[in-house]
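Descriptive analysis of the structure
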Amino acid sequence: MIQSVRGRLALWHTLVLATLLVVFASLSYKILERALARRTDAYLAESTGAVALDLATAHLADMADSLAAEDALGEFGVRDLAFLVFDDGDRVVASDAPLPNDRNAWSIDTARIRAAVHGLTGAPRFATLPAGRGEIRIYALPRRSVAGRRIVVVGATPLDDQAELLEEFRTGFVVAIFIALLLSLAGGYALARRSLAPVVAMSERAAEISATSLHERLPVANAHDVLGRLAQTFNDLLARLDTAFEHQRRFMADASHELRTPVAIMRGEADVALSQPERDPEEYRGALRVVRDEGRRLSRVVADLFLLARVDAGRRPLQPTEVYLDELVAECARAARGLASARGTTLTYTMPPRPAGDGGDPANDWPFVGDEELLRSLVMNLIDNAIKHSPPGSTVTVLLERDENAYRISVADNGPGIPPEARARVFERFFRVDRARAREARSDSGGAGLGLAIGRWIAEAHGGTLDLVESSPEGSRFEIRLPRVRQEAPAPVDVELAGAAHDAERLSAR
Ligand code: ADP
């Protein structure tokens, strides 16, 4: 089989052309053959009719007068046309036919003609008979002579010229078709080569592109044709890959940076503690406290990174169960109270009012189908951030509300707020508004800038949203919206900025 696309295209093209040419040539040949035969027959019939008429009008009282008849035939002396007259005994009465010898270009076989016209009475008859190397065409016309005897006048003509013409025609067609096919093969190949040149250029360029040169693009010869669109599609794919690789590179760089810092602090603390043979127990205790805090921070960052990696790889589907949001938020608020009081902050959680005496009416429940661990982690992260950024003596308010379509969980604080230019970016991975400020706060619970990115993924994976709805120097308010009507458990969601923080480890690290 021909391997190259160009070769195959040229071959197909030639095959189609060959079929067309052969059909066309055969049709033309048939038309020509029939036209020639018709003309020959018409000529033969007309001439034979004229001879028969002439013989009749010559008052040949008796066809036995062969000489007179032959004289009459001789008057017609047309080249390539011969006439014979048979009587009712099939005897040749007169003939001007060339005899079979070398000087005559054609000859006739009287016996064959006799056999062909034997018993002919009614309608005239055409016949093609073999003669010498070729064939002859005869036209037999039965007549009554004046004397009442029946005669048959036969006109004969050789078919050599026709056969020769048709032969030339056939040879001409074969040669012409052969040349046309050769040209078509060469032309088709050249055309295919030319048309596919952009594909070759694309594949050569694509072969050069590697992970380190994803910014390169394939050449787009003509953006409006199919190959141009193909190149454009590849280029779009390359652009997406480039972005994804860049994203991944940044993620790796940020992740290693976040991991390096606590490890360096721990090593530094250990080096300092060990630098002298003896130290005050309180100093050891202080060093161990730092090591413990950094270890917690480290395990939290590792847990977050691990979850992000799993989510990015599509291997962290939601595990939905029915949860009651009022209970879930209340538990989070209770768990965060210790942290809040350690920082001198007050945490208030406004429980949704339950009508007095509803007797546990399910209509007053706050059911939601979702991944409990992830939802808990989301709420905890917001409360944690709010406490972390609140000045001592201020209040963090957690509020749970609902309308017809959605549940809303908002967490508000009286912290320094988030500058307008950073409000959208706080949801990006590893983004911290003020790294110095965060570092300072990190002594006990500073994060790696992953919490809100993960939180937003959790909300979106549940069909909801997480937004910063208010932020000013007087404080910030984050709001989670979760849809109320969910027919089915949420399917695993592939969100690009995906992340999840759920582990007990993460919660315990807070
Ligand atoms: P981290 O784990 O570092 O807290 P987050 O993604 O939760 O990361 O938050 C990203 C950044 O957004 C934080 O570093 C902080 O600068 C800012 N931020 C988050 N919540 C608040 C808040 N309630 N008040 C002020 N700044 C906040």
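Anyway, here's the lowdown on the structure attached to this text.

Parameters and conventions
Residues numbered from 1 in each chain as written. Predicted model: local features only at pLDDT ≥ 70, side-chain atom pairs only at ≥ 80, totals over all residues. Heavy atoms only, no water. Helix = DSSP H or I, 4+ residues; strand = E, 2+ residues; numbered from the N terminus. Buried < 20%, exposed > 50% of the residue type's maximum accessible area, 1.4 Å probe, protein only. Contact = heavy atoms within 4.5 Å. Areas by Shrake-Rupley, 256 points an atom, 1.4 Å probe, with all protein chains shown as cover. Patch = residues over 30% accessible without salt bridge, like charges linked within 9 Å, V, L, I, M, F, W, Y side chains within 5 Å. Salt bridge = Lys/Arg side-chain N within 4 Å of Asp/Glu carboxyl O. Lys, Arg positive; Asp, Glu negative; His and termini not counted. Charge placed at Lys NZ, Arg CZ, Asp CG, Glu CD. Near = heavy atom within 4 Å. Polar contact = N/O pair within 3.5 Å; in protein donor to acceptor, adjacent residues only side chain to side chain. Nonpolar A, V, L, I, M, F, W, Y, C, P; charged D, E, K, R; others polar. Core = buried A, V, L, I, M, F, W, Y, C linked by side-chain atoms within 4.5 Å. Pairing = 2+ DSSP bridges.

The subject of this paragraph is the overall build of the protein. Tallying secondary structure elements over the protein gives 11 helices and 12 strands in all. Counting across all 510 residues of the protein, residues that qualify as buried make up 40%. Long-range contacts, defined as pairs at least 24 residues apart, comprise 67% of the intrachain contacts of the protein with a sequence gap of at least 6. Of the roughly 28,100 Å² of accessible surface on the protein, 58% is carried by carbon and sulfur atoms.

Attention now moves to a negative patch on the surface. Taken together, the side chains of D160, D161, E164 and E168 define an acidic patch exposed on the protein surface. Considering the arrangement of structural elements, one finds E168 in helix 4 (residues 160-208). With a relative accessible area of 51%, E168 lands in the exposed category.

Moving on to the site of the ligand. As a matter of local geometry, the ligand sits amid 22 residues, with N385, K388, D413, V433 and L452 nearest to it. At a separation of 2.8 Å, a nitrogen atom of the ligand approaches a polar side-chain atom of D413. Calculation on the ligand without its partners gives an accessible area of 540 Å², and the protein chains cover 99% of this total. Counting residues per element, the ones that place at least two in the shell around the ligand are helix 8 (372-389), helix 10 (451-461) and strand 12 (475-483). For the shell around the ligand, the element with the highest residue contribution is helix 8, accounting for 5 residues. Across the shell around the ligand, the residue classes tally to 9 nonpolar, 8 polar and 5 charged.

Okay, the nonpolar core next. Within the largest apolar cluster, 54 residues are counted, with the highest numbers of intra-cluster contacts made by L347, I383, L466 and I480. The dominant element in this core, judged by the number of residues it contributes, is helix 8, at 9 residues. In contact with I383, not counting residues within four places along its chain, are C332, A333, A336, L347, V398 and V411. Ranked by size, the runner-up nonpolar core spans 19 residues in total, among them A82, A97, I113 and V154.

In terms of residue burial, strand 10 (residues 406-412) counts as a mostly covered element, since 7 of its 7 residues are buried. A two-sided burial pattern is seen for strand 10, the buried positions comprising A406, R408, S410 and A412 on one face and Y407, I409 and V411 on the other. Here strand 9 (residues 395-402) folds back onto strand 10, and the loop between the two strands holds 3 residues.

Worth remembering: the numbers are spatial, not functional.
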